[in-house]
Amino acid sequence: MMSNSKPQPTSLNARTQSKVLEISFDDGKEYSLSFELLRVYSPSAEVRGHGAGQETLQTGKREVSLVALEPVGNYAVKPVFSDEHSSGIFSWDYLYWLGENQAQLWQDYLARLQEAGYPGESGRDAPMTTKSGSACGHHH
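Keep in mind the model is a prediction, meaning the values are calculated, not measured. (Residues numbered from 1 in each chain as written. Predicted model: local features only at pLDDT ≥ 70, side-chain atom pairs only at ≥ 80, totals over all residues. Heavy atoms only, no water.)

Q: It is not clear to me how the overall build of the protein chain should be interpreted in this structure. Could you clarify?
A: Along the backbone of the protein chain there are three helices and six strands. From first element to last, N terminus to C terminus, the protein chain shows the α and β order β-β-β-α-α-β-β-β-α. Counting only residues that meet the buried cut, the protein chain has 35% of its 140 residues in that class. Considering only intrachain contacts with a sequence separation of at least 6, the fraction spanning at least 24 residues in the protein chain is 46%. Total accessible area computed for the protein chain in this model is approximately 8200 Å², and 50% of it derives from carbon and sulfur atoms. (Helix = DSSP H or I, 4+ residues; strand = E, 2+ residues; numbered from the N terminus. Buried < 20%, exposed > 50% of the residue type's maximum accessible area, 1.4 Å probe, protein only. Contact = heavy atoms within 4.5 Å. Areas by Shrake-Rupley, 256 points an atom, 1.4 Å probe, with all protein chains shown as cover.)

The following block contains the structure:
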């Protein structure tokens, strides 16, 4: 029998007032991930696209909250966000990676907002611009 060396979650709590997902792993690491960070870094095709350079910059997600958190097998969760985004499957590995890298990811996000022409953190409140075509911007 192979041992699973990847960290597994021991607890998962969605804090709707503070808008954070608290997750603890069996290696002792604990993370508090904001709903905004989760939404901005959703692993869905709608956010990430279908390849490098096809990412869609997420704006106006400062106030996003979780409506539901659905289990996916015993390897992931699928958050349903208040902006109706629900196509991202967050594996335990991905949540762990987000936790380990959240400070850098947050700085990258703020830098991308500024590059897109949003001064300061104004992009966190700006409405999303919609692309024509399907929801993920890919024409099937």
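Q: What is the right way to read the sheet that holds strand β5 (residues 76–81) from this model?
A: Across a sheet, paired strands are connected by hydrogen bonds in the backbone, their directions being either parallel or antiparallel. The sheet built from three strands is open, its strands ordered β4-β5-β6 with antiparallel pairing. Edge strands, defined here as strands with exactly one partner in the open sheet, are β4 (66–72) and β6 (90–91). Sheet analysis places β5 next to β6, joined by two bridges and oriented antiparallel. Each bridged residue has a counterpart across the sheet, and for Ala76 the counterpart in β6 is Ser91. (Pairing = 2+ DSSP bridges.)

Q: What's the story with the environment of Ser86 in this structure? I'm lost.
A: Along the chain, Ser86 falls in the loop between β5 and β6. Overall, the relative accessible area of 27% leaves Ser86 in the partly exposed class. A sequence separation of 18 residues divides Ser86 from Ala68, and the C-alpha atoms of the two residues are 9.2 Å apart. Leave out the neighbours within four places in its chain, and Ser86 touches Lys78, Pro79 and Val80.

Q: Help me out: how do you make sense of the layout of surface pockets in this one?
A: Which parts of space are left empty comes out when a probe the size of a water molecule is rolled across the atoms. When its volume is computed, the second largest pocket comes out at roughly 220 Å³. Contributing to the lining of the second largest pocket are 13 residues, with Tyr41, Val47, Arg48, Glu55 and Arg112 lying nearest its centre. Secondary structure elements with two or more residues in the lining of the second largest pocket: α2 (45–48) and α3 (92–115). Here the lining of the second largest pocket gets four residues from one element, more than from any other, and that element is α3. (1 Å grid on protein atoms, 1.4 Å probe; cavity = no way out; pocket = protein on both sides within 12 Å on 5 of 7 lines; lining within 4 Å. Points joined across faces, edges and corners; volume = space filled by probe spheres on them.)

Q: Before we go on, may I ask you to explain the sheet that holds strand β3 (residues 30–34) in this structure?
A: A sheet is described by the order of its strands in space; here three strands give the open sequence β1-β2-β3, paired in antiparallel fashion. Of all the strands in the sheet, just β1 (9–15) and β3 have a single pairing partner and so form its edges. If you compare each strand with its neighbour and ignore which way they point, the axes differ by 15° on average. Where strand β2 (residues 20–25) meets β3, five bridges bridge the pair, whose relative direction is antiparallel. What sits directly across from Leu21, in β3, is Leu33. Packing of α3 onto the sheet brings it into contact with β1, β2 and β3, and relative to β3 it is tilted by some 85°. (Axes fitted to C-alpha atoms, helices over the stretch in contact; angles between N-to-C directions.)

Geometry only, nothing functional implied.
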